[in-house]
Amino acid sequence: MSNTDVVITGIGATTPLGPDVTSTWDGLLAGRSGVRALETDWAETYDLPVRIGATLAEEPTEKIPRVRARRLDRCEQVALIAAWQAWEDAGFALPSDDGEDVEPERLGVSIGTGIGGPVTLLEQDDNLEQHGMRKVSPLTVPMLMPNGPAAHVGIELRARAGVHSPASACASGAEGIAKAFDMIRSGKADVVVAGGAEACIHPITIAGFAQARTVSTRNDDPGRASRPFDVDRDGFVLGEGAGVVVLESAAHAEARGARVYGKVAGTGITSDAYHITGNHPDGIGQIAAMRQAIEQAGVTARDVGHVNAHATSTVVGDVGEAAAIHKALGDHPVVTAPKSALGHLVGGAGAVEGIATLLSIYHGIVPATLNLGELDPKVELDVVAGEPRKMELSAAISNSFGFGGHNTALLFTAA
Amino acid sequence: MADKTELLTGLAEIVEEVAGVAKDDVTAEKSFVDDLDIDSLSMVEIAVQAEDRFGVKIPDDELANLKTVGDAVDYVAANSK
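Calculation criteria
Residues numbered from 1 in each chain as written. Chains lettered and ligands numbered in written order. Predicted model: local features only at pLDDT ≥ 70, side-chain atom pairs only at ≥ 80, totals over all residues. Heavy atoms only, no water. UniProt positions renumbered as here; feature names shortened; annotations may be inferred. Helix = DSSP H or I, 4+ residues; strand = E, 2+ residues; numbered from the N terminus. Rg over C-alpha atoms; globule rule 2.2 N^0.38 Å. Buried < 20%, exposed > 50% of the residue type's maximum accessible area, 1.4 Å probe, protein only. Contact = heavy atoms within 4.5 Å. Areas by Shrake-Rupley, 256 points an atom, 1.4 Å probe, with all protein chains shown as cover. Lys, Arg positive; Asp, Glu negative; His and termini not counted. Charge placed at Lys NZ, Arg CZ, Asp CG, Glu CD. Buried area = accessible area lost by both parts, 1.4 Å probe. Salt bridge = Lys/Arg side-chain N within 4 Å of Asp/Glu carboxyl O. Pairing = 2+ DSSP bridges. Patch = residues over 30% accessible without salt bridge, like charges linked within 9 Å, V, L, I, M, F, W, Y side chains within 5 Å. Axes fitted to C-alpha atoms, helices over the stretch in contact; angles between N-to-C directions. Parallel < 35°, antiparallel > 145°, perpendicular 65-115°, else oblique.

Chain B carries the name Acyl carrier protein in an unreviewed UniProt entry, which gives Prauserella isguenensis as its organism. Turning to chain B, the UniProt annotation filed under Pathway (unreviewed entry) states: "Lipid metabolism; fatty acid biosynthesis." Recorded under Sequence similarities (unreviewed entry), the UniProt text for chain B is reproduced unchanged: "Belongs to the acyl carrier protein (ACP) family."

Per an unreviewed UniProt entry, chain A carries the name 3-oxoacyl-[acyl-carrier-protein] synthase 2 and comes from Prauserella alba. Recorded in UniProt under Pathway (unreviewed entry), the annotation for chain A is "Lipid metabolism; fatty acid biosynthesis." Looking at the Sequence similarities (unreviewed entry) heading of the UniProt record, one finds this comment for chain A: "Belongs to the thiolase-like superfamily. Beta-ketoacyl-ACP synthases family."

Here is the structure:
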């Protein structure tokens, strides 16, 4: 692996806070919540204990024409929308418009998802049960497969240097970016479109998470349901959305005079080998991921002024991460937990939160953690609450952990 | 035998629904693949909808022979009950 600098030249997202990065970032700074009461009758039909979710601010069909949309699972739709935005933001034109801005053999894609297309699977199973096999869509498999979001983006942008789709649950989006970083460092690509996507708010996912006792049931107060690090937290809120970045070798970006938001300077990926949903009680995997990222970036723990925490608002998870941050970095980093506002975007989370971390460095401001009334006394960290905090940052870490014991830390630095 | 003009109109509606080709562009001489840019997956969906709408069976080996819109109209006209 070389020491090629890897820079970020484009960012895109569609989230519960807004249909693009600007509106999402403004929402985070303004302290808005993307969590709403679910407008559906199934919560009642199945007597679900959870009737809230962080649904998209804008339906994907506002951006994707009808015929194209019916060939795509919702997860693929949000990935495509975020990828278009990131691509355009990087100053590239779509291959379908006026030719190729990046040599296809030097362009890769790495977009993960945690769950993929279970909603398609269930809809098509309904067709099978009710109308027989003739009514099962020939697009069933390409719509439900977890590599679908990455594959569609790869076709759209004509990427021939490899299309990857990490599946590491709630760390998938971060691992997507880490994989892209490796592709550029190893010389396999000059540009990689990377991130994560998820869109499966459905009775089966809600019921499954509820049975695992991981989701908030604060149905009467949706905007205050997700409260990472707060003493009264009771679980996460399932969300949907996607985040995508354009990663580029510094040389490639410089040669075309691209605007640079910052660098991915190091990544850490570890696995707990402990429990399928619970994190290791000593945080060994989380600590090791953050230390790996620091080491690869060639910075010290002291240089890391900010951590964008994974913190989903579960009772056990949040204190575990807080202790891991404390051990890996110390008590100086200013911490925020964006899932308080965004909900938990599962495979999209690491990418959207990676973008937020990058923008904190770029703009010199850390958004506040929403709904933090009383900090859990076991969290011995400086968690931003109330108002965003303005501060100069040279390096920051975004943490993402997932069911399965996946731990990913992304270390961003200023351009 | 069904009226071919009506069949063409019905088929054009299905093609528009499935593949997004404007109804008026779905004319007898057009090739599904070469002119209308319809892929094999969409062809399966179009065939299933045509079977339901016109009360015909279109086996896979017959579907493979239906190169143009006109071929499909002729097949349906000859085989619908």
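Now, onward.
> Residue-level account of the overall build of chain A, with values.
The number of helices and strands found in chain A is 15 helices and 15 strands. Whereas a compact globule of 415 residues would reach a radius of gyration of roughly 22 Å, chain A reaches 20 Å, a difference of no more than 12%. By the burial criterion, 59% of the 415 residues in chain A qualify as buried. Put simply, 78% of the contacts in chain A that link residues at least 6 apart link residues at least 24 apart. For chain A, the accessible surface area stands at approximately 15600 Å², while carbon and sulfur atoms represent 50% of it. Between the centroid of the 32 positive side chains of chain A and the centroid of its 51 negative side chains there is a distance of 2 Å.

> Any chance you could break down the interface of chain A and chain B for me, citing the residues and the numbers?
Taken together, the contact between chain A and chain B spans nine residues of the former and 15 residues of the latter. In this assembly, chain A packs against chain B so that about 1000 Å² is buried in total across both faces, 40% of it on carbon and sulfur atoms. Considering only the surface of chain A that becomes buried against chain B, A:Arg70, A:Arg134 and A:Pro138 emerge as the three largest contributors, covering 53% of it. Applying the counting rule to chain A against chain B returns seven salt bridges. With a shortest N-O distance of 2.7 Å, B:Glu51 and A:Arg134 are connected by a salt bridge.

> Pulling in residues and values, what's your account of the UniProt feature "domain: Carrier" (unreviewed entry) in chain B?
When the UniProt feature table is mapped onto this chain numbering, "domain: Carrier" (unreviewed entry) sits at residues 5–80 of chain B. Measuring from the first to the last C-alpha atom of residues 5–80 of chain B gives 15 Å, for a span that is 59% helix and 0% strand.

> An account of the pairing of strand S7 (residues 241–249) of chain A is needed here, citing residue identities and associated values.
All names here are of chain A. Where burial is concerned, most of S7 is hidden: nine out of the nine residues are buried. Bridge analysis of strand S6 (residues 191–198) against S7 gives eight bridges, and the strand direction is antiparallel. The residue bridging Ala194 from the neighbouring strand is Val245, located in S7.

> If you had to explain a negative patch on the surface to someone new, which residues and values would you point to?
Taken together, the side chains of A:Glu123, A:Asp125, A:Asp126 and A:Glu129 define an acidic patch exposed on the protein surface. With respect to the secondary-structure elements, A:Glu123 resides in helix H6 (residues 118–131).

> Lay out helix H4 (residues 69–79) of chain B with the relevant residues and their values.
Turning to H4(B), its buried residues number three or more, namely B:Val69, B:Gly70, B:Ala72, B:Val73, B:Tyr75, B:Val76 and B:Ala77. At its buried positions, H4(B) is contacted by helix H1 (4–19), helix H2 (40–54) and helix H3 (60–63) of chain B.

> Give me the pattern of salt bridges: which residues, what numbers.
One pass over the structure, following the stated rule, counts 24 salt bridges over all chains. Residue A:Lys63 is joined to A:Glu58 by a salt bridge in which the shortest nitrogen-to-oxygen separation is 2.7 Å. Salt-bridge contacts for A:Arg227 lead to A:Asp230; the nearest nitrogen and oxygen are separated by 3.3 Å. Of the residues examined, A:Arg227 reaches a relative accessible area of 6% and is grouped as buried. Salt bridges here are not isolated pairs; linked through shared partners, they connect A:Arg66, A:Arg70, B:Glu17 and B:Glu45.

> Could you give an account of the packing of helix H1 (residues 21–30) of chain A against helix H15 (residues 349–363) of chain A, with specific residues and numbers?
In a packed pair of helices, the relevant descriptors are the angle between the two axes and the axis-to-axis distance. All names here are of chain A. At their nearest, the axes of H1 and H15 sit 11 Å apart, and the two run at 75° to each other. Taken as axis vectors, H1 and H15 run roughly perpendicular relative to one another. Every residue of H15 that contacts H1 at Val21, Trp25 and Leu28 is listed here: Ile355, Ala356, Leu359, Ser360 and His363.

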